[in-house]
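Residue-level structure breakdown
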Amino acid sequence: MTREEKSLVIEDLTARLAENNVIYVADLTGLNADETTNLRKACFKANIKLAVVKNTLLAKAMEASEKEFGELPSVLKGNSTLMFSEVGNAPAKLIKEFRKKSDKLVLKGAFIEEAIFVGADQLETLVAIKSREELIGDIIGLLQSPAKNVVSALKSGGGKLAGIIKTLSEK
C-alpha cells in the first residue's frame, strides 16, 4: 500500500469515526468463513456496519480525530474489526449472542457517546446500556404512572359513590 493510499484510508477512517458515536473494536481471530459470513449477516440485520482495519491506520485515524478515545488505542493489537451502530448496546448484544455459538469473537473495547470501555469483561455492562428509545419509554412510563393512578382512583371512587346512592335510594 502506497503512502497516498494509506493517507486516503486514514482520512476515510477519521471521517467514519467522526460521524459515529457508537464504535466497538472486536477481534475476529479464529472465525472460519461460515462464522464470518454469519456474523456479517447478523450485523446487516441489526443495522451494524462492520469494517476490518489495520491497527496502525486506525490508531492514526483516532489520533487525527477530534474525539478523545482515551485508552482505546491500547487495545489495537492483533486483528481488529470496527463495528459502527446507531444504538449503543446493539453491537454488545450481537457479540453476546454470537459468543453462544463461537467464543472466538472477542470484544476489545468500545466508544459510546464519549464513554470508553476497554476489555472483554465490559461486555455485560455494554449489553445493559439502554438505547435512547428505551430511556424515552421509561421516562414516559414514569410520567404517566401518577396520572393513571389518579384516573383509576376517580373511576373506582365514582363507582362506589354510585353504588352508595343507589342503595340509599332503594331504602
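Conventions we followed
- Residues numbered from 1 in each chain as written.
- Predicted model: local features only at pLDDT ≥ 70, side-chain atom pairs only at ≥ 80, totals over all residues.
- Heavy atoms only, no water.
- UniProt positions renumbered as here; feature names shortened; annotations may be inferred.
- Helix = DSSP H or I, 4+ residues; strand = E, 2+ residues; numbered from the N terminus.
- Expected span 1.5 Å × (residues − 1).
- Buried < 20%, exposed > 50% of the residue type's maximum accessible area, 1.4 Å probe, protein only.
- Arc of directions from axis to C-beta.
- Contact = heavy atoms within 4.5 Å.
- Lys, Arg positive; Asp, Glu negative; His and termini not counted.
- Salt bridge = Lys/Arg side-chain N within 4 Å of Asp/Glu carboxyl O.
- Phe/Tyr/Trp six-rings, centres within 6.5 Å; stacked < 30°, edge-to-face > 60°.
- Axes fitted to C-alpha atoms, helices over the stretch in contact; angles between N-to-C directions.
- Parallel < 35°, antiparallel > 145°, perpendicular 65-115°, else oblique.
- Left-handed = near helix turned anticlockwise from the far one by under 90°.
- Nonpolar A, V, L, I, M, F, W, Y, C, P; charged D, E, K, R; others polar.

By the naming in an unreviewed UniProt entry, the protein goes by Large ribosomal subunit protein uL10 and is assigned to Capnocytophaga canis. Comment text from UniProt for the protein, heading Sequence similarities (unreviewed entry), reads "Belongs to the universal ribosomal protein uL10 family." According to the UniProt record, the Function (unreviewed entry) comment for the protein reads "Forms part of the ribosomal stalk, playing a central role in the interaction of the ribosome with GTP-bound translation factors."

**A word on helix α1 (residues 3–19)**
Taking 1.5 Å as the rise per residue, α1 with 17 residues should run 24 Å; its terminal C-alpha atoms sit 24 Å apart, in good agreement. Of all the residues in α1, the buried ones are I10, L13, T14 and L17. For α1, the angular spread of the buried residues around the axis is 105°, confining them to a single face. When the buried face of α1 is taken as reference, the exposed residues oriented beyond 90 degrees from it are E4, L8, E11 and E19. As for α1, its buried residues are in contact with β1 (22–27), β2 (49–53), α3 (55–64) and β3 (80–84).

**Points about the side chain of E35**
Mapped onto the elements, E35 comes out in helix α2 (residues 33–45). No salt bridge is formed by the buried E35; its nearest oppositely charged neighbour, K104, is found at 4.1 Å. Among residues more than four places away in sequence, those in contact with E35 are G30, F98, S102 and K104.

**A short note on the packing of aromatic side chains**
The full count for this structure, using the stated rule, is 1 aromatic pair. Centre to centre, the rings of F69 and F111 are 4.8 Å apart; their planes meet at 50°, and the pair counts as tilted. Here F69, found in the loop between α3 and β3, pairs with F111, found in strand β4 (residues 106–112); they are 42 residues apart in sequence, far enough to count as distant.

**Some remarks on the pattern of salt bridges**
Following the criterion strictly, the structure yields 2 salt bridges and no others. A salt bridge links E124 to K96, with the nearest nitrogen and oxygen atoms 3.3 Å apart. Of this pair, E124 sits in helix α5 (residues 123–128) while K96 sits in helix α4 (residues 90–99), and the two are 28 residues apart along the sequence. Residues E97 and K100 are paired through a salt bridge, measuring 3.3 Å at the closest nitrogen-oxygen approach. In this structure E97 comes out as partly exposed when scored by relative accessible area, which is 43%.

**Overview of the packing of α1 against α3**
Two elements in contact, α1 and α3, have axes separated by 8 Å at closest approach and are oriented at 55°. Here α1 is positioned oblique relative to α3, judged by the angle of their axes. Crossing hand, α1 versus α3: right-handed. Across the interface between the two elements, K6, V9, I10, L13, T14 and L17 from α1 touch L57, L58, K60, A61, M62 and A64 from α3. Per-class residue counts for the contact of α1 with α3 are 9 nonpolar, 1 polar and 2 charged.

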